[in-house]
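Chain residues, written in single-letter form:
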Amino acid sequence: MLPEPPFKPIYYTLVIIDLCKALPGAFPAVVAGAVRALFEKIADLDMECRTRLILWFSHHLSNFQFIWHWEEWAYVLDLPKWAPQRVFVREVLEREVRLSYWEKVKQSIENAPGLEGLLPPKGGPNFEFGAQDNSERHALSAELKNLVKGRAAAREIILWIEENVFPVHGFEVTLKVVLQTLLDIGSKSFTHLITVLERYGQVIAKMSSDQDKQVMVIAEVGSYWKNNLQMTAIAIDRMMGYRLLSNLSIVRWVFSSENIEQFHTSDRPWEILRNAVNKTYNRICDLRKEISSLKKTFVSAEAAAAKAKAELDAAETKLTLVDGEPVLGDNPTKLKRLKSSAEKAKEEEVSVQESLEAKDALLARALDEIEALFLSLYKNFSSVLMERLPEASRVGTLQELKSSSADAMAVDLEELSTMEVDDENGRPKSQLNGRKTGSVYNIGEKEQWCLSTLGYLKAFSRQYASEIWPHVEKLEAEVLTENVHPLIRKAVYCGLRRPISAVYVG
Amino acid sequence: MVEDRIVEYNKKIARHQNPPQKFQFRIWGFSSEPVLTPPLALHQDQDPSKLSVYRDRRFPGSQEEFEQALLASTIVYIGNMSFYTTEEQVYELFSRAGEIKKIIMGLDKNSKTPCGFCFVLYYSREDTDDAVKYISGTILDDRPIRVDFDWGFQEGRQWGRGRSGGQVRDEGGYGKLVQRELEAQRQLVDYGAGSLGSFLPVMPPHCKLQRSL
């Protein structure tokens, strides 16, 4: 269910697992059948649904020793590497390895040994300055490690870098050596990474003071962890959490050429993008929750203060008898007590109000951040798509995109449906109708790239529609202008559930 | 459906280990009953006595205070893990319930290697709740794990309390023996060695770190 189901996906995963266990004769077959059917049609499945299917399937299998009829899908090896079915299998295997370990997953696909080629890399960190490196940089790296081992403070390390490393080697090398060394120290586990970031985050912050530098930092992380996609994503996510990286830098890095090349073959750039957008969004949700609960606290603090004041006033104006004489004011002890509670209640009210104002300011800042984020996201999507989409005059719909051939000759849809086996040139693309077993994937790489990227554009728009809507006008003014490709516009509007005709009114 | 699950689990409370089962012919068919978990906490306002059957002996306070701590907790305790299960595996699985703040592995006091339990800290109570509800009893790294609310992390609770250094439930040779045999090819993460050895993470109790710092 899109964009958000009533329960977290993990709930449904659990229900399905329980049903498989409870009805072992009937239910697993149903699930298997559904998976097969979805797999068959996966090229037509929405990108967000594909991602969810991958996450669900890998999690599900992890509860059943990864048993599956992998040999049925072994044919994906014959498909081009951008074929959605092949990408699906690769991504499921990647997630399985994360949930268990490499050898285990390899063992689980022994019925289809060829699929081993689709497993993620087995290696560990890619440290350039380890013992195998003979250069001066290894010596620097070793010295840095010693400093850390000796529990040097971040300040000391920054000084050391500024005095010894930076003047000699320049910024780029300094960044590389320091960052990779820190990552290496933190490479043993998630907790090691967090510890390094907490203690030496300042060192990294010093080197990543602007967006360009931050993009360099991310590139180093990507290089160090290139064999482990999970750690790449975790490292970048945590650095953003510690505010060493901004979400804008992450977006810029995701849309750098190295990643753009993978948009249609790997989930790697998308996972990192999802994490960044999600985190930004979660920050806002957290702030909203805090403000809402602070408001409630404020209302009751205000009421309590008012009540205390009223009690105090009443006591002060009360007439009491002291030694037989009427005196204004209740007995002094009581007055003193009431006065102090009234003061406390007032202080409390003021302090809650101040917290509320502070949170409101934080929320305003966060809302600005997310607006900037979405603008940047859309601008990037738009510009990379504009470079690669075939001209709008030739290809205006997704169907046309799918049927346009690799050598950029437009193919009329009607010709396709009455297709004969050999076309004019007798080339393999005459099988455009597609065989039932799906062992041929007809869509060219460029077209697939466009389809996938458009799919993600739509998925992001839909996922965060509620946050994007307030900025739709700005979006239209700056990004979705008249000359933007119709497919881009359609993807965005479909995601936002905005009728396209709305644009042409007036 | 969920109610059935509670009833089923309520009936079978036992905490013994099972070596990983050899599953048979039928895909995903189980030949024997799945291994158990303590009763689930469905809602935050539910009966606190159902929050956890486990009562930590070292909790400094009354039963009532214990239950209060559990109700507010954003920390889960995870038990019956393989010694070889890594933080990354825990991260991948438990991220599905929500954004993880921190992971603290339970370590053998002597060898400083994992000994079968860990703590996961979330940012939100809702995510914590979901982790207990939806992950407990399911499989992590081929073992059915148990997920419970925890009353709060303090320095020292990451060490196993058994006399040999591991967990109390592993006392006696059998548990370790079986595990070592089955997992002979995997490697244990050593938390004692390396540059960060002196930096073992310490978290102040009920730390209120938010997602943005």
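Note that the coordinates shown come from a computational prediction; the quantities given were computed from them, not determined experimentally.

## Observations regarding the overall build of chain A
Point 1. Helices and strands together make up the secondary structure of chain A, namely 21 helices and 2 strands.
Point 2. Over its C-alpha trace chain A gives a radius of gyration of 30 Å, far above what one expects of a compact globule, namely 23 Å for 506 residues.
Point 3. In terms of overall dimensions, chain A has a C-alpha envelope of 120 × 65 × 60 Å along the principal axes.
Point 4. Expressed as a percentage of contacts within chain A between residues at least 6 apart in sequence, the contacts between residues at least 24 apart total 70%.
Point 5. Accessible surface computed for chain A: about 23900 Å², of which carbon and sulfur atoms make up 55%.
Point 6. Mean positive and mean negative side-chain charge positions of chain A (63 and 70 charges, respectively) differ by 4 Å.

## A look at the overall build of chain B
Point 1. Assigned secondary structure in chain B consists of 5 helices and 6 strands.
Point 2. Traced from its N-terminal end to its C-terminal end, chain B shows the element sequence α-α-β-α-β-β-α-β-β-β-α.
Point 3. For chain B, with 213 residues in total, the buried portion stands at 56%.
Point 4. Of the contacts formed within chain B by residues at least 6 apart in sequence, a portion of 72% connects residues at least 24 apart.
Point 5. Split by element, the accessible area of chain B, about 9800 Å² in all, is 52% carbon and sulfur.

## Brief notes about the UniProt feature "coiled-coil region" (unreviewed entry) in chain A
Point 1. As recorded in UniProt, the sites labelled "coiled-coil region" (unreviewed entry) are residues 291-355 of chain A.
Point 2. Between the end C-alpha atoms of residues 291-355 of chain A the distance is 9 Å, and the span holds 78% helix and 12% strand.

## Digging into unusual backbone geometry
Point 1. A positive phi angle, near 55 degrees, is found at Gln65(A), a position not held by glycine.
Point 2. Looking at the secondary structure, you find Gln65(A) in the loop between helix H3 (47-62) and helix H4 (84-99).
Point 3. Despite not being glycine, Asp142(B) shows a phi value in the positive range, around 70 degrees.

## Topic: the pattern of salt bridges
Two side chains with opposite charge may pair up if their charged atoms get near one another.
Point 1. Applying the stated rule across the entire model yields 39 salt bridges over all chains.
Point 2. Here Asp267(A) and Arg274(A) are joined by a salt bridge, their closest N and O atoms 2.9 Å apart.
Point 3. Salt bridges here are not isolated pairs; linked through shared partners, they connect Glu94(A), Arg95(A), Arg98(A), Asp267(A), Glu271(A), Arg274(A), Glu92(B) and Arg96(B).

## Overview of the sheet that holds strand S1 (residues 75-79) of chain B
All names here are of chain B.
Point 1. In space, the 4 strands of this open sheet follow the order S2-S3-S1-S6, with antiparallel pairing throughout. Every other strand in the sheet has two partners, leaving strand S2 (100-107) and strand S6 (146-149) as the edge strands with one partner each. Each neighbouring strand pair of the sheet contributes to a mean axis angle of 25 degrees, computed without reference to strand direction.
Point 2. Looking at chain direction, S1 and S6 are connected through 4 bridges and run antiparallel. Its bridge partner being in S6, Gly 79 is matched across the sheet by Arg 146.
Point 3. Set on the sheet, helix H4 (residues 125-135) makes contact with S1, strand S3 (114-122) and S6; between it and S6 the angle comes to about 145 degrees.

## Observations regarding helix H17 (residues 445-463) of chain A
Point 1. Taking 1.5 Å per residue, 19 residues should reach 27 Å; H17(A) reaches 27 Å between its end C-alpha atoms and fits that length.
Point 2. Within H17(A), 16 of the 19 residues are buried, which leaves it mostly tucked inside the rest of the structure.

## Concerning the environment of Glu103(A)
Residue and element names in this part refer to chain A.
Point 1. Within the secondary structure layout, Glu 103 lies in helix H5 (residues 102-108).
Point 2. Judged by relative accessible area, Glu 103 falls into the partly exposed class, the value being 39%.
Point 3. Considering only alpha carbons, one finds Glu 103 and Glu 302, 199 residues apart in sequence, at a separation of 62 Å.

## Digging into the nonpolar core
Point 1. By size, the foremost hydrophobic cluster in this structure holds 171 residues, and its most contacted members are Trp70(A), Met239(A), Ile78(B), Phe94(B) and Val120(B).
Point 2. If we ignore the near neighbours within four places in the chain, the residues touching Met239(A) are Leu179(A), Leu183(A), Leu197(A), Ile204(A), Val217(A), Val221(A), Leu244(A) and Leu245(A).

## A closer look at the packing of helix H1 (residues 9-22) of chain A against helix H2 (residues 27-40) of chain A
All names here are of chain A.
Point 1. Look at H1 against H2: their axes get within 7 Å of each other, and the N-to-C directions meet at 135 degrees. As far as their axial angle goes, H2 and H1 are oblique. Here H1 contributes Ile 16, Leu 19 and Cys 20 to the contact with H2, which in turn contributes Phe 27, Pro 28 and Val 31.
Point 2. Grouping the amino acids of the contact of H1 with H2 by side-chain chemistry returns 6 nonpolar, no polar and no charged.

## Describing the UniProt feature "domain: RRM" (unreviewed entry) in chain B
Point 1. If you check UniProt for "domain: RRM" (unreviewed entry), the listed places come out as residues 74-152 of chain B in our numbering.
Point 2. Counting secondary structure, residues 74-152 of chain B comes out at 24% helix and 38% strand; the distance between its end C-alpha atoms is 8 Å.

## A few points about the packing of aromatic side chains
All names here are of chain A.
Point 1. Counted by the stated rule, this structure contains 30 aromatic pairs over all chains.
Point 2. Geometrically, the ring pair formed by Phe 255 and Phe 381 is edge-to-face, given 5.2 Å between the ring centres and 75 degrees between the ring planes. A residue pair is termed long-range when its members are at least 10 positions apart, and Phe 255 in the loop between helix H11 (247-254) and helix H12 (257-260) and Phe 381 in helix H14 (residues 332-388) qualify at 126 residues.
Point 3. An aromatic cluster of at least three residues, connected via ring pairs, comprises Phe 255, Phe 263, Trp 270, Tyr 281, Phe 374, Phe 381, Trp 449, Tyr 456, Phe 460 and Tyr 464.
Point 4. Here the basic side chain of Lys 213 rests over the ring of Phe 171, its NZ or CZ set 5.3 Å away from the ring centre.
Point 5. Cation over ring: Arg 388 sits above Trp 449, and NZ or CZ is 4.7 Å from the ring centre.

## A closer look at the packing of helix H13 (residues 268-317) of chain A against H14(A)
All names here are of chain A.
Point 1. Their axes nearest at 7 Å, the elements H13 and H14 cross at an angle of 160 degrees. If you check the angle between H13 and H14, you find them roughly antiparallel. Relative to H14, the crossing made by H13 is left-handed.
Point 2. Grouping the amino acids of the contact of H13 with H14 by side-chain chemistry returns 30 nonpolar, 5 polar and 13 charged.

## Let's talk about the environment of Leu319(A)
Residues and elements named next belong to chain A.
Point 1. Among the secondary structure elements, Leu 319 is positioned in strand S1 (residues 319-322).
Point 2. Measuring from C-alpha to C-alpha, the distance between Leu 319 and Ser 376 comes to 70 Å, with 57 residues separating the pair along the chain.
Point 3. Ignoring anything within four residues of it in the chain, the contact list for Leu 319 reads Val 327 and Leu 328.

## Some remarks on the domain arrangement of chain A
Point 1. When cut into domains, chain A gives domain 1 (9-118), domain 2 (136-245) and domain 3 (279-318 + 331-387).
Point 2. Computed from C-alpha atoms alone, the centre-to-centre distance between domain 1 of chain A and domain 3 of chain A is 47 Å.

So, how was this worked out
Residues numbered from 1 in each chain as written. Chains lettered and ligands numbered in written order. Predicted model: local features only at pLDDT ≥ 70, side-chain atom pairs only at ≥ 80, totals over all residues. Heavy atoms only, no water. Helix = DSSP H or I, 4+ residues; strand = E, 2+ residues; numbered from the N terminus. Rg over C-alpha atoms; globule rule 2.2 N^0.38 Å. Contact = heavy atoms within 4.5 Å. Areas by Shrake-Rupley, 256 points an atom, 1.4 Å probe, with all protein chains shown as cover. Lys, Arg positive; Asp, Glu negative; His and termini not counted. Charge placed at Lys NZ, Arg CZ, Asp CG, Glu CD. Buried < 20%, exposed > 50% of the residue type's maximum accessible area, 1.4 Å probe, protein only. UniProt positions renumbered as here; feature names shortened; annotations may be inferred. Salt bridge = Lys/Arg side-chain N within 4 Å of Asp/Glu carboxyl O. Pairing = 2+ DSSP bridges. Axes fitted to C-alpha atoms, helices over the stretch in contact; angles between N-to-C directions. Expected span 1.5 Å × (residues − 1). Core = buried A, V, L, I, M, F, W, Y, C linked by side-chain atoms within 4.5 Å. Parallel < 35°, antiparallel > 145°, perpendicular 65-115°, else oblique. Nonpolar A, V, L, I, M, F, W, Y, C, P; charged D, E, K, R; others polar. Phe/Tyr/Trp six-rings, centres within 6.5 Å; stacked < 30°, edge-to-face > 60°. Lys NZ or Arg CZ within 6 Å of the ring centre and 35° of its normal. Left-handed = near helix turned anticlockwise from the far one by under 90°. Domains from an automatic or database assignment.

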